[in-house]
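# Architecture at a glance
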Amino acid sequence: MKTTLFDKVWNKHVVAGNPGEPQLLYIDLHLIHEVTSPQAFEGLRLANRPLRRPDLTFGTMDHNVPTKDIYNISDLVAKKQIEALEKNCAEFNVSLFGNGHDKQGIVHMIGPEIGVTQPGKTIVCGDSHTATHGAFGAIAFGIGTSEVEHVFATQTLWQTKPKNMGVKITGDLQKGVYAKDIILYLISKYGVDFGTGYAVEYYGSTIEGLTMEERMSICNMSIEGGAKMGMVAPDDTTLDYLKGREFAPKNWDQAVEEWRTLKTDDDSCFDRIIEIDAKDIAPQVSWGTNPGMCVSVDESFPEIKDENDTRAYDYMDLKPGGYAKDIELGYVFIGSCTNGRLSDLEEAAKIVKGKKIHDGITGIVVPGSRPVKKAAEKMGLDKIFEEAGFEWREPGCSMCLGMNPDQVPTGVHCASTSNRNFEGRQGKGARTHLCSPAMAATAAINGHFVDIREEMA
Ligand SMILES: CC(C)[C@H](C(=O)O)[C@@H](O)C(=O)O
Ligand code: SF4
């Protein structure tokens with residue numbers, strides 16, 4: 001029978017349960033961070049149970065860590081969570097990339113970097129952006145703390161199988177349009193719930209032409225479109241990325257042979273298909289308080305349709321009919337698990353090289369992981385950013401969310417390469433505008449958004 005990539009991976013992992021009912025899945029990789037693991041470890045301890053597969057579990061510190069003075073954690077909750085993770089990983093024998101470790105990074109960066117994120121795996125983490133790992137052709141999704149405990153104890157998880165959706169993107173992207181614009185465009189056009197109840201596979205010539213880092217940016221934000229999982233079928237690009245990484249399979253040829261079978265047989269296997277022509281996508285900027293509230297940079301903000309829109313306009317202090325270029329920016333943040341990878345920093349650095357950030361703009365660049373930081377410094381990117389007036393920081397989630405000292409002040413507008421623009425996301429009263437690294441970098445130089453396509457023409 002013809003099936004999808006998703007079905008193939010799912011079916012290989014079912015341990016118990018019948019189709020149409022919740023099924024027990026075997027979990028190949030469990031990633032953990034300091035925020036959603038403490039209670040799960042406590043549960044194990046109280047039940048006097050061991051952690052079943054420490055060798056399939058990897059921890060990192062990301063959400064709470066300061067990006068300036070990394071060992072000086074003044075927030076008491078943050079400090080407690082960081083210390084708990086350290087203690088728990090030592091006690092349960094879990095590899096931890098703790099504060100200052102040379103493999104430390106945002107949890108969705110470390111898996112691909114060390115090569116544990118692989119095609120055909122089931123990957124979970126107590127974090128909603130786990131779909132990032134689906135870019136490798138894995139089933140990867142976020143779970144809650146009680147599920148984290150279940151995986152600790154059993155290396156399995158009960159799940160109801162979602163339906164299959166294909167998002168087919170074909171054609172060439174315009175110059176100045178990036179993976180981030182693809183996913184923001186998709187969510188703004190089809191809504192923040194288009195993917196609810198589905199596992200989404202991104203495919204088509206545009207996707208095939210993207211690098212792994214770009215595919216990760218797209219899969220990462222599947223959750224902002226309601227889908228718990230986003231996938232791309234493995235191909236030569238995937239293999240090239242993985243080959244030689246620390247945890248890449250030792251029996252490489254055999255693994256590749258199996259990975260080559262991981263693809264959707266044909267379009268008829270999907271329950272729903274969305275088709276997008278890449279040339280229709282312009283650089284995106286969000287104007288409101290969810291990632292679906294986005295416009296093309298040259299398009300005016302939409303009319304008010306409902307109370308959500310009214311509330312969003314009030315919170316953002318913007319009006320229908322306005323334009324992104326007129327937003328008075330105060331902050332620019334380049335980083336996060338969506339756009340804190342080397343190619344994102346390279347793209348932004350190309351734009352700021354030899355220029356100065358605009359008066360009144362605070363700009364910070366935060367590599368998503370220590371390996372990215374190191375690689376960027378080797379290329380001299382840190383110098384380019386610093387000479388332009390940006391702060392160059394230590395890795396972490398940073399200003400993506402207000403769980404650490406990096407926050408946008410109340411009422412200030414921030415051009416941000418992160419993935420969420422909810423009320424208060426970057427700090428109390430902060431006003432977030434989601435965009436690509438290139439758009440954020442140009443905005444920093446100009447003091448407001450500009451159409452990057454014109455700058456590149
Ligand atoms: C703190 C964590 C549980 C949360 C998530 O699940 O995504 C965070 O990473 C986020 O991006 O909002
Ligand atoms: S960078 Fe942002 S989205 Fe990613 S895991 Fe951290 S807080 Fe969540």
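This structure is a prediction, so every number in the text was calculated from the model and none was measured.

## Details of the UniProt feature "binding site: [4Fe-4S] cluster" (unreviewed entry) in the protein chain
- Residues given the UniProt feature "binding site: [4Fe-4S] cluster" (unreviewed entry) here are Cys 337, Cys 397 and Cys 400. Spatially, the listed residues are clustered: although they cover 64 residues, their C-alpha atoms lie within 8.7 Å of one another.
- Relative to the assigned elements, Cys 397 resides in the loop between strand S17 (391-392) and strand S18 (413-416).
- Once you skip the residues sitting within four places of it in the chain, Cys 397 turns out to touch Asp 62, His 63, Ile 106, Ser 336, Met 403 and Asn 404.
- Among the structural elements, Cys 400 can be located in the loop between S17 and S18.

## What about the confidence of the model for the protein chain?
- On average, the protein chain scores 98 in pLDDT, and the residues at 70 or more come to 100%.
- Confidence estimates for the predicted assembly give a pTM of 0.98 and an ipTM of 0.99.

## A word on the site of ligand 2
- Every one of the 14 residues lining ligand 2 counts as a neighbour, but Ser 336, Cys 337, Cys 397, Cys 400 and Leu 401 are closest to it.
- Counted by class, the shell around ligand 2 contains six nonpolar, six polar and two charged residues.
- Residue-level mapping places the shell around ligand 2 at the junction of two domains, with at least three residues from each of domain 1 (5-275) and domain 2 (284-456).

## Points about the site of ligand 1
- The environment of ligand 1 is formed by Val 35, Thr 36, His 63, Asp 127, Ser 128, His 129, Gly 142 and Leu 401.
- When the residues that make up the shell around ligand 1 are grouped by side-chain class, the tally is two nonpolar, five polar and one charged.

## Focus on the pairing of strand S3 (residues 29-32)
- Neither face of S3 is exposed, since Leu 29 and Leu 31 on one face and His 30 and Ile 32 on the opposite face are all buried.
- Note that S3 and strand S6 (residues 122-125) share three bridges and pair parallel. In the strand pairing of S6, His 30 is matched with Val 124.
- Here three bridges tie S3 to strand S4 (residues 57-60), and the two strands are oriented parallel to one another. Paired with Ile 32 across the strands is Gly 59, a residue of S4.
- Regarding topology, helix H2 (residues 38-46) serves as the crossover connection from S3 to the parallel S4, and that connection is right-handed.

Reading guide: rules and limits
Residues numbered from 1 in each chain as written. Chains lettered and ligands numbered in written order. Predicted model: local features only at pLDDT ≥ 70, side-chain atom pairs only at ≥ 80, totals over all residues. UniProt positions renumbered as here; feature names shortened; annotations may be inferred. Helix = DSSP H or I, 4+ residues; strand = E, 2+ residues; numbered from the N terminus. Contact = placed C-beta atoms within 7 Å. pLDDT = per-residue confidence, 0-100. Near = placed C-beta within 6 Å. Nonpolar A, V, L, I, M, F, W, Y, C, P; charged D, E, K, R; others polar. Domains from an automatic or database assignment. Buried ≥ 20, exposed ≤ 12 C-beta atoms within 10 Å, placed from the backbone. Pairing = 2+ DSSP bridges. Right-handed = clockwise from strand over helix to strand, strands pointing away.

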